[in-house]
Amino acid sequence: MSDMNISYDEKTRIFKLDTARTSYLIGIVDDEGFIGHVYYGKIISDSSASYLMRTGEAPFVPSQNSRDRSSFFDAFPMEFPSCNTGDYRESAIELLDARGHNGVEIVYQAHRILKGKPGLSGLPATFGGETECMTLEIDGMDKVLGLKVTLRYSIFEDVDVVARSVSVKNMSEESFFLTRLMSASIDMDQEDYRLLTLHGSWARERHMESREIGCGKTSVGSTRGESSHQEHPFMALVSETAAQERGSVYGFHFIYSGNFIAQVERTQFDSLRVQMGIHPKNFCYQVKPGEVFQAPEVILTYSDEGLGGMSRTLHDLYRNHLIRSPYKDKKRPILINNWEATYFNFNTEKLLDIAREARKAGIEMLVMDDGWFGRRNDDNTSLGDWKVNEEKLKGGLKPLVDQVNRIGLKFGIWFEPEMVSPDSDLYRTHPDWAIAIPGRTPCRSRNQFVLDLTRREVLEYVYNSVAEVLHSANIEYVKWDMNRQLTDLGSLYLGRENQGELSHRYVLAVYELQERLIKEFPDLLLENCSGGGARFDPGMLYYSPQIWCSDDTDAIERLVIQEGTALIYPLSAIGAHVSDCPNHTVGRSTPFSTRGNVALAGTFGYELDITKISEEDKAQIPEQVALYHRYNDLVREGDYYRIASYRQNHFYDCWAVVSKDKKEALVTFVQVLRRPNHHSRMIKLKGLNPEMRYKVCEGTNPDEGVGCVYYGDTLMNAGIPMEEMWGDCQSRLIFLAAEGSGV
Ligand code: GLA
């Protein structure tokens, strides 16, 4: 029998969506047809639980107590809260109608229960076939405005997730302007929830932050035109009593790469209104008669197995129902990127020297980063002029790529297609192609402007520039970068009434560009990037199976960044490289082995001048390459368990990946600070089969190393000793193989 089901009880007018372990209930109340939020959480059996809406308690629904309609609106748990008709909490929708009014009230009109999951036109979204997903569509109507809202909920057979989105159709004769449209809104009681978000900055992305939910509104968001370094389109409500592997956690994650808001409002009645959607700032979208506006998707997940349960659900969802790349289930070629090796100072010979040494060490692909085009010898010039700089690359790109291929490496290349340097032929020819407000000098950032991708000719130019380079040689990987955020929101293409559409249209244009790219070059390995990890979001994962996590490649800084990232993203998506020391961002020196062990919890690669590093470090590369080949299938496909957090204990970090059949596990332990005069630490493992006996080994060969055999319950309940290592920033990889598993 299937674990997922969507039912509708005609009598109680309750919709019930069940996944294997969670239930989501929506109710239609009163003759007027308000759409109420009934329940979301751990699975419940009653499909007619309309009592949960408490409509029998005062304030009664308007049909029973119309003199206090406002009290009802002020308190009732709404599924898609209206605006300016009595509910003072945050609305899910706001607009300006043809007469300049902003009043919306949505009531139930019809519904459909479908097999499978329809796509969202022009937007990234989770997907699944007819046996994998079911979808409920509820149409609501504002008859005064002639506005139809369709609330969409999809559930999955194999993951405890509800994917929600909303579309709005103008059924009237006149345009209106949407100024707020939340993709998801939920009203629930505040029990003991705290708000967990991911906060950061350049080189410091996705640090976990937990706070109390005070009365009033608490929000995080981005108005920078991308999901941003600073805040992340994610939030979780975490019960105070929850821990890594137990307790209630609600996760909300936005599949979108532009401006967003994630907000919790704690009300006078101690309830919470939780919302996520496109940030309303600078958002004003004209919807003409007959047109539909589609909002992006929000992923909702509930776990009663703590944060770990949420992480594993999201990892599975993204690996199985969001990432489409042919590389999704494959080992990615181990790359060496020349950015931290040479910055802008390279030529064909230098790259070939790197390639030759890399090949000897077992590295599989050379990636040429920024600086290969126009006159780009620093970051002040040439973005937009995507023509090879033949002073650096004599004879052009093809001879270089051919030689790299002959050496035995694949070849990859860096682009920053969305940008233009003021000092470029492109800008000199088309100054009006940059985003700017007429009469104002646009704000520069890294000495560059953003191209107005809403303009068809600009989009075509950008696409053709990239495609032409890719056709010119055997290029198998692209790093698509975006190194500044949007300001001066003005488009010379969009009309007066459409300027408020720029930020969203920009994101749609990026999606269109990348969709075209992966269609035309289906075997290309695409890695997204934005000044490190400023556009690390589920939206981009729909186009690229991996995203550069952060420009901070220091192994210790990465512990915290990768902990926050792995909280919601599979390790297979996390771009991680071994770089040189002292680290270029923080100046710290760490052992080469630790840099390798931390990068192995991501896509894995190198970002250093292999012709210059010490022989001792270089000698470790073939070992690390072997570790990657031995363990990457497990890291990419397994279940992730967080065992200890350096962020919290300030001494050590530890995580494990356990295969789905529980026959293999890889534990990474990093001792950041050595404690003097200290005994070994017992590390209690997680996720093993208590009844299986595991051989505990170190290195790539299960027959080497510790070699002891213990039951899973011993390893999880009593733990394994981690002896104090000599020096700071030391690390160990422990491999567990179930006895008799043939591993
Ligand atoms: C960004 C990226 C880096 C590198 C530089 C090149 O900062 O995150 O990895 O590609 O741009 O300018």
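These lines cover the structure that appears in this document, whether it is placed above or below. Every residue gets a number counted from 1 within its own chain, in the order that chain's sequence is written. Where local features are concerned, this predicted model is filtered to residues with pLDDT of at least 70; where side-chain atom pairs are given and counted, the filter is 80 or more; whole-chain, interface and lining totals use all residues. Side-chain calculation: all heavy atoms of the structure are included, whereas hydrogens and water are not.

**As for the packing of aromatic side chains**
Defined as follows: Side-chain rings of Phe, Tyr and Trp (the six-membered ring for Trp) are treated as a pair once their centres are within 6.5 Å; stacked means planes under 30 degrees apart, edge-to-face means over 60, and tilted covers the remaining angles. Exposure categories follow from relative accessible area, calculated using a 1.4 Å probe and restricted to protein chains: below 20% of the type maximum is buried, above 50% is exposed, and the middle band is partly exposed. Each ring is checked for a lysine NZ or an arginine CZ that lies within 6 Å of its centre and within 35 degrees of its normal; such an atom marks a charge sitting over the ring.
With the rule as written, the count across this model stands at 34 aromatic pairs. Where W372 meets F373, the ring centres are 5.1 Å apart and the plane angle is 75 degrees; that geometry is what we call edge-to-face. What makes F373 buried here is its relative accessible area of 0%. Among the aromatic residues, those joined into a cluster by ring pairs are Y24, Y40, Y153, Y193, Y250 and Y302. In this structure, R516 is placed above the aromatic ring of Y463, and the distance from its NZ or CZ to the ring centre is 4.3 Å. Above the face of the Y711 ring, R693 is positioned so that its terminal group lies 5.2 Å from the ring centre.

**Considering unusual backbone geometry**
One can expect most non-glycine residues to show negative phi and most peptide bonds to be in trans. What counts, and what does not: Helical segments are the DSSP runs of H or I of at least four residues, strand segments are the runs of E of at least two, and each set is numbered from the N terminus.
Backbone torsion omega between A58 and P59 reads -5 degrees, so that peptide bond is classified as cis. Residue placement: P59 occurs in the loop between β4 (34-42) and α1 (69-75). Omega for the peptide link from C581 to P582 comes to -5 degrees, which places this bond in the cis form. In the Ramachandran plot, H650 falls in the positive-phi region, its phi being about 65 degrees despite a non-glycine side chain.

**Remarks on empty space enclosed by the protein**
The following threshold applies: Cavities and pockets were defined on a 1 Å grid built from protein atoms only: a cavity is a group of points that admits a 1.4 Å probe but offers it no way out, a pocket is an open group of points flanked by protein on both sides within 12 Å along at least five of seven lines, and a lining residue is one with an atom within 4 Å of any such point. Grid points are joined across faces, edges and corners, and a volume is the space filled by probe spheres set on the points. Put simply, Ala, Val, Leu, Ile, Met, Phe, Trp, Tyr, Cys and Pro go in the nonpolar bin, Asp, Glu, Lys and Arg in the charged bin, and everything else, Gly too, in the polar bin. These domain boundaries are the output of an automatic or database domain assignment.
The tally for this structure, following the rule as stated, stands at eight cavities of 30 Å³ or more. Empty space within the largest cavity amounts to approximately 70 Å³. Of all the elements in the fold, those that place two or more residues in the lining of the largest cavity are α10 (555-566), β32 (639-644) and β33 (652-658). In the lining of the largest cavity, the residues fall into seven nonpolar, one polar and four charged. When residues of the lining of the largest cavity are sorted by domain, at least three fall in each of domain 2 (335-637) and domain 3 (642-738). Estimates place the volume of the second largest cavity at around 60 Å³. Forming the walls of the second largest cavity are Y256, G258, N259, I278, H279, K281, N282, F283, S503 and H504.

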